[in-house]
Amino acid sequence: MRIEYDASANMAYIYLVDKIAPGEAVRQVPAEDNTAILDYDSDGRLLGIELFSARRRLHPELLSSAERIDGEPRQPSV
C-alpha cells in the first residue's frame, strides 16, 4: 500500500496494489457519504481509494509519510 497526497487540493489517493495500469480501474463508485471514490478492476477487486478532505480524515503520520504530488516536500514526522 502507498499513499499520494496533494495538499493544495487536500486529497489523497490510497493505492491498495503496487501499480494501477492505465484503464485498469474500470469502475468508480462514490462512497455513500461522498467522502471518497472507490476504484475497482474488471473482476470487482478494489484497487485504490481517492479520499477527499484528506487532512481531516487521515492520521497526520500517514500524511507526513505520503508521496507528495503537489511539488511540496514531505513534512517532517512528528
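Located above this text is the structure these notes cover.
For clarity, every value in this text was computed on a predicted model and none was experimentally measured.

A.B. asks: How should I be thinking about the sheet that holds strand S4 (residues 36-40) in this particular structure?
C.D. replies: Two modes of strand pairing occur in sheets, parallel and antiparallel, and in both the strands are linked by backbone hydrogen bonds. Pairing is mixed in the open sheet, where 6 strands are placed in the order S3-S4-S5-S2-S1-S6. The open sheet has two free edges, formed respectively by strand S3 (27-30) and strand S6 (67-68), since each of these has just one partner strand. When strand S1 (residues 2-6) meets strand S2 (residues 11-15), the two strands line up antiparallel, connected through 5 bridges. Residue pairing for S2: isoleucine 3 is matched across the bridge by isoleucine 14.

A.B. asks: Please clarify how the packing of aromatic side chains should be interpreted in this entry.
C.D. replies: One pair of aromatic rings is described through two measures. These are the centre distance and the angle between the planes. Counted by the stated rule, this structure contains 1 aromatic pair. Between tyrosine 13 and tyrosine 15 the ring centres are 4.6 Å apart and the planes differ by 65°, which places this aromatic pair in the edge-to-face class. Residue tyrosine 15 is classed as buried on the basis of its relative accessible area of 13%. One Lys or Arg, arginine 2, reaches over the ring of tyrosine 15 and ends 3.9 Å from the middle of that ring. The ring of tyrosine 40 is capped by arginine 27, whose NZ or CZ atom sits 4.6 Å from the centre of that ring.

About the cut-offs
- Residues numbered from 1 in each chain as written.
- Predicted model: local features only at pLDDT ≥ 70, side-chain atom pairs only at ≥ 80, totals over all residues.
- Heavy atoms only, no water.
- Pairing = 2+ DSSP bridges.
- Helix = DSSP H or I, 4+ residues; strand = E, 2+ residues; numbered from the N terminus.
- Phe/Tyr/Trp six-rings, centres within 6.5 Å; stacked < 30°, edge-to-face > 60°.
- Buried < 20%, exposed > 50% of the residue type's maximum accessible area, 1.4 Å probe, protein only.
- Lys NZ or Arg CZ within 6 Å of the ring centre and 35° of its normal.

No statement about biological role is implied by the geometric values presented.
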